[in-house]
Amino acid sequence: MYIRKALLTVVGIFMMGLSLGFAHAIWIETPSVGEQGEAQSVKIYFGEFGTEDISKVANWFADLSQFELQLIGPDGSKTALPFKANGDHFAASFTPESDGLYNVVLRKIAGEVYYGYKLDYMATAHVQVGEGRKFGQQALPIALRPEGSHYEAGKAIDLSVLIDSTLTGEQEITVISPNTWTKKLYPDEKSAASFVPLWPGKYLVETTVSDKNKGEWNGTSYDVDYRCHTYLLEVK
């Protein structure tokens, strides 16, 4: 009986650790509205959103800190954004030179397989400058596109969640509120979804796709190809 209880305890701890590991994500924070000629700050975090569990950059799992950060301009031009460590986040910036919609995108596939999972992290942020809100070509396998750039508590936020046709497996879309309350979204046949933020603050929209086709990554076999995309909305 003692051995059985001990075994169950070990299994429980393992599953808790695995669950906590997947609760962590990478996300981008930047104001959703910018101005021509004014520097736009960009911050990248890794941790459990909505809590104080944000990892110092020196403690990021495996090689996650070696990500790619790119700026896509209104004209479709692409520029690599340099970034530097700053305590609990990485910092970058850019200065918009024209009106339109700017897209900051991040992607990082962890170099190590985590308990049979290949981890593919993605994050996006849009910055509206002046007039003209035109979304360009989908830059990542998973993309989120909000209708507007201003969000208020009590008013619906309409968005589209785009999944590349080559991605298969279970799909899950979750909105995490400032107090960690969560809500599931189920896009319609046009990939559209909507939710009403109840409180002001930062909301994270997280889309995950788990493909259970086995494969090999960096010499290690995996059982699940896990993709996670995040998008931050700041509600006034």
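See the structure above.
Residues numbered from 1 in each chain as written. Predicted model: local features only at pLDDT ≥ 70, side-chain atom pairs only at ≥ 80, totals over all residues. Heavy atoms only, no water.

Peer 1: Any chance you could explain the overall build of the protein chain here in plain terms?
Peer 2: The secondary structure content of the protein chain amounts to 1 helix and 18 strands. Each principal axis of the C-alpha distribution contributes one length, and for the protein chain these read about 70 × 40 × 35 Å. Going through the 236 residues of the protein chain one by one, you find that 44% of them count as buried. Restricting to contacts in the protein chain with at least 6 residues of sequence separation, those with at least 24 account for 63%. As displayed, the protein chain offers around 12700 Å² of accessible surface, 50% of which is attributable to carbon and sulfur atoms. (Helix = DSSP H or I, 4+ residues; strand = E, 2+ residues; numbered from the N terminus. Buried < 20%, exposed > 50% of the residue type's maximum accessible area, 1.4 Å probe, protein only. Contact = heavy atoms within 4.5 Å. Areas by Shrake-Rupley, 256 points an atom, 1.4 Å probe, with all protein chains shown as cover.)

Peer 1: I keep staring at the sheet that holds strand 11 (residues 157–163) and nothing clicks. Help me out?
Peer 2: Pairing between the strands of a sheet comes from backbone hydrogen bonds, and it takes one of two forms, parallel or antiparallel. Taken together, the 3 strands give an open sheet; going across it, the order is 10-11-14, and neighbouring strands pair in antiparallel fashion. Edge strands, defined here as strands with exactly one partner in the open sheet, are strand 10 (142–146) and strand 14 (192–195). Here the strands of the sheet are splayed against their neighbours by 30° on average, with no regard to which way each runs. Relative to strand 14, strand 11 runs antiparallel, the two sharing 4 bridges. Pairing of D158 across the sheet is with S194, part of strand 14. (Pairing = 2+ DSSP bridges. Axes fitted to C-alpha atoms, helices over the stretch in contact; angles between N-to-C directions.)

Peer 1: It is not clear to me how the pattern of salt bridges should be interpreted in this structure. Could you clarify?
Peer 2: Oppositely charged side chains may form a pair once their charged atoms are brought near each other. Inspection of the entire model under this criterion finds 6 salt bridges. Residue E172 is joined to K184 by a salt bridge in which the shortest nitrogen-to-oxygen separation is 3.3 Å. Residue E172 is located in strand 12 (residues 170–176), and its partner K184 is located in strand 13 (residues 182–185); the two are separated by 12 residues in the primary sequence. Taking relative accessible area as the criterion, E172 reaches 40% and is therefore assigned partly exposed. Assessed through its relative accessible area of 37%, K184 is described here as partly exposed. A salt bridge links R227 to D225, with the shortest nitrogen-to-oxygen separation between them at 2.9 Å. (Salt bridge = Lys/Arg side-chain N within 4 Å of Asp/Glu carboxyl O.)

Peer 1: Honestly, the layout of surface pockets in this entry has me stumped. Any pointers?
Peer 2: Vacant regions in the atomic arrangement are exposed by a probe of water-molecule size rolled over the atoms. In this model, the largest pocket occupies a volume close to 360 Å³. As for the largest pocket, its lining consists of 23 residues, and the residues nearest its centre are I72, N103, F135, G136 and Q137. Contributions of two or more residues to the lining of the largest pocket are made by strand 8 (100–109), strand 9 (117–129) and strand 10. Residues of the lining of the largest pocket, tallied by class, amount to 11 nonpolar, 8 polar and 4 charged. Counted as a void, the second largest pocket has a volume near 310 Å³. Those elements giving two or more residues to the lining of the second largest pocket turn out to be strand 9 and strand 18 (224–235). Ranked by residue count, the leading element in the lining of the second largest pocket is strand 18, at 4 residues. Of the residues contributing to the lining of the second largest pocket, the split by class is 8 nonpolar, 6 polar and 3 charged. (1 Å grid on protein atoms, 1.4 Å probe; cavity = no way out; pocket = protein on both sides within 12 Å on 5 of 7 lines; lining within 4 Å. Points joined across faces, edges and corners; volume = space filled by probe spheres on them. Nonpolar A, V, L, I, M, F, W, Y, C, P; charged D, E, K, R; others polar.)

Peer 1: I keep staring at the sheet that holds strand 7 (residues 89–94) and nothing clicks. Help me out?
Peer 2: If you walk across this open sheet you meet the 4 strands as 1-3-7-6, and the pairing is antiparallel. If you trace the sheet from one side to the other, it starts and ends with strand 1 (25–29) and strand 6 (84–86), each paired once. Strand-to-strand twist of the sheet, defined as the mean angle between neighbouring strand axes without regard to direction, takes the value 30°. Where strand 6 lies against strand 7, 3 bridges are found, and the strand directions are antiparallel. From the neighbouring strand, N86 faces strand 7, where its bridge partner is H89.

Peer 1: Before we go on, may I ask you to explain the environment of T95 in this structure?
Peer 2: As for its placement among the helices and strands, T95 is situated in the loop between strand 7 and strand 8. Counting along the chain gives 104 residues from T95 to W199, while the straight-line C-alpha distance between them is 31 Å. In this view, T95 contacts G37, E38 and A39; residues no more than four positions away in its chain are not counted.

Peer 1: Can you help me understand the nonpolar core in this one?
Peer 2: A general feature of soluble globular proteins is that nonpolar side chains tend to end up buried together. Formed by 29 residues in total, the largest nonpolar core has its most connected members in I28, I44, W60, L69, F94, V104 and L106. Those elements that place two or more of their residues in this core are strand 1, strand 3 (40–47), strand 4 (68–72), strand 7, strand 8, strand 9 and strand 18. Considering each element in turn, this core owes the most residues, 6 residues, to strand 9. If we skip the residues at most four places from it in the chain, F94 touches E38, A39, Q40, V42, L71, L81, Y102, V104 and V127. (Core = buried A, V, L, I, M, F, W, Y, C linked by side-chain atoms within 4.5 Å.)

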